[in-house]
Amino acid sequence: MSSWRTLLLRIGNKCPEYGGSADVKEHIETCYGVVRRELEHSAGDISNFLIECAEGLPHKIPLLGTVIGLLNLENEDFVKGIVETTQTRFQEALDSGNCDRIRVLMRFLTALMCSKVLQPASLAVVFETLLSSAATTVDEEKGNPSWQARGDFFVTCILSCLPWGGSELAEQVPEEMERVMVGVEAYLSIRSHNADTGLSFFEEDDDLSAGEKDFLEDLWDRIKFLSSNGWKADSVPRPHLAFEAQLVGGKAHEFGPINAPEQPEPLSQLSGVTYGREKHNAELRYPQRIRRLNIFPTGKNEDMQPVDRFIVEEYLLDVLLFLNGCRKECASNMVGLPVPFRYEYLMAETLFAQLLLLPQPPFRPLYYTLVIMDLCKALPGAFPAVVAGAVRALFEKIADLDMECRNRLILWFSHHLSNFQFIWPWEEWAYVLDLPKWAPQRVFVQEVLEREVRLSYWEKIKQSIENTPALEELLPPKGSPNFKYSVEDGREKTEYHAISAELSNKVKGRATAREVITWIEETVLPAHGFESTLSVIVQTLLDIGSKSFTHLITVLERYGQVITRLCPDLDNQILLIAEVSSYWENSTQMTALAIDRMMGYRLLSNLAIIKWVFSPPNIEQFHISDRPWEILGNAISKTYNRMSDLRKEVVSLKKNVLVAEEAAARAKAELDAAESKLTLMNGEPVMGDNPVKMKRLKSHADKAKEEEESVRDSLDAKEALLARATVENEELFLALYKNFSNVLKERLPDASKAQTLRDLKSSTQADEMAVDTDQPSTMEVDDENGGTKKSQSNGESGSSNVYNIGEKEQWCLSTLGYIKSFSRQYASEVWSHIEKLDAEVLTQDVHPLFRRAVYSGLRRPIIELASE
């Protein structure tokens with residue numbers, strides 16, 4: 001890498017390229033000197049690289065902006081080119097809806113304005129253009145209020161620029177700045193309050209967040225406080241001030257006009273379904289980037305202005321976003337942010353907020369696991385203790401944590417411990433053994449230990465809890481198979497043992513699937529009946545494939561036809577799943593894997609899996625084990641992924657059809673042109689080109705036409721598959737929600753007694769299953785904006801062995817939590833079938849708690865629920 005590239009990348013870092021110095025002014029001077037000398041040879045490369053650095057390292061934008069400002073003194077045309085290129089990229093980002101690029105380039109423009117490269121009035125015009133677009137979007141007459149997410153995003157981008165350039169704008173163009181501030185105030189007055197319904201980290205009733213400020217309202221308060229404080233933010237470096245005397249001599253360039261994206265189509269009818277579906281699509285396109293998870297007391301973060309928290313969160317999320325492929329660089333940049341205060345606690349809160357972000361985090365949870373691990377190694381004296389404190393705090397609130405967040409926390413924590421030799425002070429949590437088996441804290445410890453066993457082996461995990469041997473009670477069984485027809489351990493042999501042994505010999509002898517099927521149909525089935533035959537055949541095949549995952553795959557590939565012949569319909573497939581579960585009853589992991597692979601090979605249908613999950617033995621585990629939920633989640637996920645793949649293939653084939661059509665049209669045009677051409681043959685003019693050329697062109701045209709027809713046939717086939725998959729998908733979600741509704745109807749209290757989750761929790765006080773306590777305790781849960789509010793801890797705390805929610809109520813709470821989770825995770829699919837669900841499942845007589853769970857997961861407007 002050339003030296004000027006390295007200097008631009010490393011600017012602001014304490015590194016060898018800058019002689020180990022941390023002086024920002026010295027960095028800028030050194031970088032500017034080298035880049036200026038290279039301009040004559042590499043102007044184009046430098047221009048592009050500067051913009052790429054600004055987009056990829058946004059926390060260094062003030063430094064890069066100052067370097068560009070100094071270059072503007074030497075070469076105005078070069079810098080004018082940077083401004084023009086930025087304008088082009090910004091317009092492209094607006095047109096394509098690239099949220100991250102829009103936000104970062106707006107901050108870059110602000111830094112250029114501070115360095116006298118961009119005219120302040122031009123930046124104000126950009127702000128006013130986006131403000132006008134946002135206001136039009138939420139206008140009920142001219143716009144489409146369901147797309148408020150886009151308007152909120154534009155206003156958030158404007159406000160997020162002000163810590164970097166508010167002082168200069170207020171000083172240099174006060175009237176324009178005042179118009180922007182008034183415009184933001186006006187927008188906030190006409191938009192709707194954006195409640196976090198369905199996306200809160202903690203399970204709360206939908207109406208609890210109605211009176212709280214949403215993210216944009218909170219950010220506006222922080223910006224107003226910053227304005228009243230003279231726009232002074234400690235977390236924003238202002239390196240241009242050290243060069244102000246020089247920078248004022250540069251020419252400030254105009255920023256070309258930009259066009260806001262076209263407004264979404266107005267709603268033809270303002271029905272709840274149409275509004276909700278549009279709102280969902282808008283939030284997918286313009287998601288809210290920051291959702292705060294206030295784990296620690298406010299005193300843990302050093303003295304910060306209200307806006308400092310937002311700025312540091314921006315820095316951290318930018319680093320996570322743009323350095324996601326470079327773990328070490330990511331951790332290094334996260335610990336070296338340009339702020340004058342310590343922020344380990346805020347960094348931990350931001351990372352956990354992203355890990356648990358709903359509906360889904362920007363990256364796979366594994367990425368956050370690796371970053372947290374690297375930060376623990378980069379800051380060994382501080383960060384491990386902060387992470388441990390976060391785990392303890394979340395563990396105390398685990399009863400209120402959203403079900404999906406709870407599962408992600410289990411997966412992260414077990415993986416995190418596996419990177420640190422499974423060391424944890426388990427004695428602190430030994431009291432969970434005194435809690436009922438359905439208490440969330442006890443279930444959390446149980447599931448973490450089960451996941452640890454998957455990542456290691458049973459004896460190792462038993463050794464890791466040797467200081468608290470009583471917790472061995474929560475370890476899963478050793479994962480050995482439960483083979484009914486084993487001849488070991490001196491078991492009595494039966495005729496079924498002989499059949500099992502004969503099948504094993506056939507498999508070892510490489511008998512074909514057809515030969516095995518013939519043997520079963522002619523010999524085994526007539527003599528022993530279907531259920532016994534199914535049991536011995538399936539158990540034996542599973543036992544042959546039990547040595548490893550590869551063995552299982554081999555058996556299913558080679559003898560899958562045998563299973564298909566035995567279990568062609570839904571009822572028989574349910575019996576098949578029961579045999580798999582029985583064989584692997586000691587291993588949740590292998591049960592889930594075997595069922596997942598069988599579904600992958602089309603030996604099982606998703607409807608059979610749903611029906612089995614909602615069978616009585618599994619229903620009784622809904623609140624005490626993740627086993628049925630993991631299997632159900634895998635089935636829905638695999639179905640969803642098939643649909644997604646088919647949709648992508650159809651889109652790709654449609655593009656290929658267009659390409660093939662164009663190629664065929666060109667080939668036909670060339671042939672027609674050649675055929676219409678006059679050619680002399682033996683001195684006589686004849687129609688048509690040279691015969692050899694004509695033959696070649698005709699062959700080419702025929703092949704192009706055949707290719708077009710082939711691609712069209714492929715498209716027709718894929719569209720047929722997609723149509724069939726869409727019908728199956730609808731059946732899947734109808735079956736899922738009907739089963740949920742039915743099992744809840746049997747267990748939920750009467751609707752007149754339980755309209756909300758709080759009612760459900762309080763109903764346990766009169767229930768005999770509840771543990772008697774003097775009064776329910778409460779705990780403080782941090783809200784979105786850093787305040788605290790009271791939340792029911794349900795009698796569970798870090799030092800208490802009391803849990804006063806009854807088993808029946810906890811079963812309902814857990815099941816409702818998973819309904820909300822599935823609805824949220826697959827909201828796009830559910831919305832596509834919502835009319836059918838409304839007609840057949842979400843009817844007037846459905847229990848209000850079930851309806852609330854579905855609506856909450858879909859973020860379906862509560863006003864629609866009330867109107868019904």
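Residues numbered from 1 in each chain as written. Predicted model: local features only at pLDDT ≥ 70, side-chain atom pairs only at ≥ 80, totals over all residues. Heavy atoms only, no water.

In the nomenclature of an unreviewed UniProt entry, the protein chain is known as Nuclear cap-binding protein subunit 1 of Linum tenue. UniProt annotates the protein chain under Sequence similarities (unreviewed entry) with the comment "Belongs to the NCBP1 family." Recorded under Subunit (unreviewed entry), the UniProt text for the protein chain is reproduced unchanged: "Component of the nuclear cap-binding complex (CBC), a heterodimer composed of ABH1/CBP80 and CBP20 that interacts with m7GpppG-capped RNA." (UniProt positions renumbered as here; feature names shortened; annotations may be inferred.)

Colleague: What am I meant to see in unusual backbone geometry here?
Modeller: One can expect most non-glycine residues to show negative phi and most peptide bonds to be in trans. Put simply, Leu358 and Pro359 share a cis peptide bond, and its omega is 10 degrees. One non-glycine residue, Phe422, lies in positive phi territory at about 60 degrees. Phi is positive for Arg859, which is not a glycine, with a value near 55 degrees. In this structure, Arg859 sits in the loop between α34 (848–858) and α35 (862–867). Taking relative accessible area as the criterion, Arg859 reaches 10% and is therefore assigned buried. (Helix = DSSP H or I, 4+ residues; strand = E, 2+ residues; numbered from the N terminus. Buried < 20%, exposed > 50% of the residue type's maximum accessible area, 1.4 Å probe, protein only.)

Colleague: Which parts of the structure should I look at to understand the pattern of salt bridges?
Modeller: In a structure, side chains of opposite charge can pair up when their charged atoms sit close to one another. This structure, assessed with the given rule, holds 63 salt bridges. Its salt-bridge partner being Glu283, residue Arg859 comes within 3.0 Å of it at the nearest N-O pair. Here the residue Arg859 occupies a position in the loop between α34 and α35, and Glu283 occupies one in helix α11 (residues 272–285), the gap between them amounting to 576 residues. By relative accessible area, Glu283 is classed as partly exposed at 22%. Of the charged contacts in the structure, one is a salt bridge between Arg824 and Asp402, with a shortest N-O distance of 2.8 Å. With Arg824 in helix α31 (residues 807–825) and Asp402 in the loop between α16 (383–396) and α17 (403–418), this pair connects stretches of sequence that are 422 residues apart. (Salt bridge = Lys/Arg side-chain N within 4 Å of Asp/Glu carboxyl O.)

Colleague: Sorry if this is basic, but what is going on with the packing of helix α15 (residues 365–378) against α16 here?
Modeller: Relative placement of two packed helices is described by the angle separating their axes and the distance separating the axes. The contact between α15 and α16 brings their axes to 7 Å, and the two run at 135 degrees. It follows that α15 is oblique to α16 by the angle criterion. Along the contact surface, α15 presents Ile372, Leu375 and Cys376, while α16 presents Phe383, Pro384 and Val387. Broken down by class, the residue content of the contact of α15 with α16 amounts to 6 nonpolar, no polar and no charged. (Axes fitted to C-alpha atoms, helices over the stretch in contact; angles between N-to-C directions. Parallel < 35°, antiparallel > 145°, perpendicular 65-115°, else oblique. Contact = heavy atoms within 4.5 Å. Nonpolar A, V, L, I, M, F, W, Y, C, P; charged D, E, K, R; others polar.)

Colleague: Please explain the packing of aromatic side chains as it appears in this structure.
Modeller: Think of a pair of aromatic rings as described by two things: how far the centres are apart, and how the planes are tilted against each other in angle. Applying the stated rule across the entire model yields 36 aromatic pairs. For the ring pair Phe153 and Tyr286, a centre distance of 5.7 Å and an interplane angle of 40 degrees mean the geometry is tilted. Here Tyr286 lies in the loop between α11 and α12 (306–322) and Phe153 lies in helix α7 (residues 148–172), a separation of 133 residues in the sequence. Taking the relative accessible area as the measure of exposure, Phe153 reaches 10% and is therefore buried. Judged by centre distance (5.9 Å) and plane angle (75 degrees), the rings of Trp426 and Trp429 are edge-to-face. No difference in accessibility class separates Trp426 from Trp429, as the two residues are buried. Among the aromatic residues, those joined into a ring-pair cluster are Phe352, Phe395, Trp412, Phe413, Trp424, Trp426, Trp429 and Phe444. The ring centre of Phe49 lies 5.6 Å from the NZ or CZ of Arg5, which sits over that ring. Looking at Arg747, its charged tip hangs above the ring of Trp811, at a distance of 4.6 Å from the centre. (Phe/Tyr/Trp six-rings, centres within 6.5 Å; stacked < 30°, edge-to-face > 60°. Lys NZ or Arg CZ within 6 Å of the ring centre and 35° of its normal.)

Colleague: Help me out: how do you make sense of the side chain of Asp596 in this one?
Modeller: Take Asp596: it is sitting in helix α25 (residues 588–600). On the accessibility criterion, Asp596 (18% relative accessible area) is buried.

Colleague: Would you mind going over the nonpolar core with me for this structure?
Modeller: Nonpolar side chains in soluble globular proteins tend to be buried together. Ranked by internal contacts, the top residues of the largest apolar core, which has 256 residues, are Trp426 and Trp429. Among the elements that make up this core, the one with the highest residue count is helix α2 (residues 24–56) (12 residues). Not counting the four nearest positions on each side in its chain, Trp429 is found in contact with Val391, Phe395, Phe413, Trp424, Phe444, Val445 and Leu471. Membership of the second largest hydrophobic core comes to 9 residues, among which are Leu646, Leu653, Val657 and Leu715. (Core = buried A, V, L, I, M, F, W, Y, C linked by side-chain atoms within 4.5 Å.)

Colleague: What's the story with a negative patch on the surface in this structure? I'm lost.
Modeller: Together, Glu706, Glu709, Asp713, Asp716 and Glu719 make up a negatively charged patch on the protein surface. Mapped onto the elements of the fold, Glu709 is located in helix α29 (residues 691–747). On the accessibility criterion, Glu709 (41% relative accessible area) is partly exposed. (Patch = residues over 30% accessible without salt bridge, like charges linked within 9 Å, V, L, I, M, F, W, Y side chains within 5 Å. Areas by Shrake-Rupley, 256 points an atom, 1.4 Å probe, with all protein chains shown as cover. Lys, Arg positive; Asp, Glu negative; His and termini not counted. Charge placed at Lys NZ, Arg CZ, Asp CG, Glu CD.)

Colleague: Would you take a moment to explain the confidence of the model for the protein chain for this structure?
Modeller: Low pLDDT means the predicted atomic positions in that stretch should not be read closely. Predicted confidence across the protein chain gives a mean pLDDT of 89, with 91% of residues reaching 70 or more. Overall, residues 766–799 carries pLDDT values under 50, and its contacts beyond four positions in sequence, including any with other chains, amount to 94 contacts. (pLDDT = per-residue confidence, 0-100.)

Colleague: Whenever I open this one, the packing of helix α22 (residues 530–544) against helix α24 (residues 570–583) confuses me. Can you help?
Modeller: Running from amino to carboxyl end, α22 crosses α24 at an angle of 45 degrees, the nearest separation of the two axes being 10 Å. One finds that α22 runs oblique with respect to α24. Here the hand of the crossing between α22 and α24 comes out right-handed. Packed against α22, whose contacting residues are Phe530, Glu531, Leu534, Ser535, Val538, Gln539, Leu542 and Asp543, the element α24 presents Asn572, Leu575, Leu576, Glu579, Val580, Ser582 and Tyr583 at the interface. Of the residues contributing to the contact of α22 with α24, the split by class is 8 nonpolar, 4 polar and 3 charged. (Left-handed = near helix turned anticlockwise from the far one by under 90°.)

Colleague: Could you clarify how one ought to interpret helix α3 (residues 61–74) in this entry?
Modeller: Since there are 3.6 residues in each turn of an α-helix, residues three or four apart along the chain are aligned in direction. End to end, α3 covers 20 Å across 14 residues, agreeing with the expected 20 Å (1.5 Å per residue, within 8%). In terms of burial, α3 is largely enclosed, as 12 of its 14 residues are buried. For α3, the complete set of buried residues consists of Ile61, Pro62, Leu63, Leu64, Gly65, Thr66, Val67, Ile68, Gly69, Leu70, Leu71 and Asn72. Residues of α3 that are buried in the fold lie against α1 (3–10), α2, α4 (76–96), α5 (99–114), α7 and α10 (244–247). (Expected span 1.5 Å × (residues − 1).)

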